[in-house]
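What follows is the residue order along each chain.
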Amino acid sequence: QVQLVESGGGLVQPGGSLRLSCAASGNIFIVYDMRWYRQAPGKQRESVATISSDGSTNYVDSVKGRFTISRDNAKNTAYLQMNSLKPEDTAVYYCNADLITRTTMRTYNYWGQGTQVTVSS
């Protein structure tokens, strides 16, 4: 059974920083792209950042220069360093990944349960 578990969310003041982690566990053969999404109340879920297995990255315009996605392939873990946080960054942040399990040897897409990030004074 594969799980993606996020951690690191919380309450932070505007201008502050948080670091989110997403650990993939289970009978994993390989992890391909890992992504962070977010969903604010009353809004659609949006893609925030993506990192491929070779380390190439992509960001939504609203977080460029403030957020950094990274990964540790040995730990099957992705990170999202969020700096200069704004109230509009308030959302539930979800981890998403494409990976192959040893039991199926096929690529499937998985979601984490989400972690709340609240930016408020």
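Below or above, wherever it landed, is the structure these notes cover. Starting afresh in each chain, residues are numbered from 1 along the sequence in its written order. Totals for whole chains, interfaces and linings use all residues, but because this is a predicted model, local features are given only for residues with pLDDT of at least 70 and pairs of side-chain atoms are given and counted only at 80 or more. Side-chain metrics in this entry use all non-hydrogen atoms of the structure; hydrogen atoms and water are not considered.

**Observations concerning the pairing of strand 4 (residues 28–39)**
Cut-off, in case you're wondering: Strands are treated as partners if at least two bridges between them are detected by DSSP. For helices the rule is a DSSP run of H or I covering at least 4 residues; for strands it is a run of E covering at least 2, with both sets numbered from the N terminus onward.
The pairing of strand 4 with strand 9 (residues 91–101) spans nine bridges and is antiparallel. Paired with V31 across the bridge in strand 9 is L99. Alignment of strand 4 against strand 5 (residues 46–51), held across five bridges, turns out to be antiparallel. Opposite M34, over in strand 5, you have I51 as the bridge partner. Taken together, strand 4 and the strand that follows it, strand 5, pair antiparallel across an intervening segment of six residues, in which G42 is found at a positive phi of about 75 degrees.

**Brief notes about the pairing of strand 10 (residues 107–111)**
Looking down a regular strand, the side chains alternate between one sheet face and the other. With five bridges joining them, strand 9 and strand 10 adopt antiparallel strand pairing. Residue pairing for strand 10: D98 is matched across the bridge by N109.

**Thoughts on the state of the cysteines**
For the record, the criterion: Note on disulfides: each one is a pair of cysteine sulfur atoms within 2.5 Å. Three labels apply to residues, based on accessible area from a 1.4 Å probe with only protein chains included: buried if under 20% of the type maximum, exposed if over 50%, partly exposed otherwise in between.
One pass over the full model with this rule turns up one disulfide. Disulfide pairing is shown between C22 and C95; the S-S distance is 1.9 Å. Taking the sign of the torsion about the S-S bond as the criterion, the disulfide between C22 and C95, at about -75 degrees, is left-handed. Residue C22 is found in strand 3 (residues 18–25), and its partner C95 is found in strand 9; the two are separated by 73 residues along the sequence. The same class applies to C22 and to C95, which are both buried.

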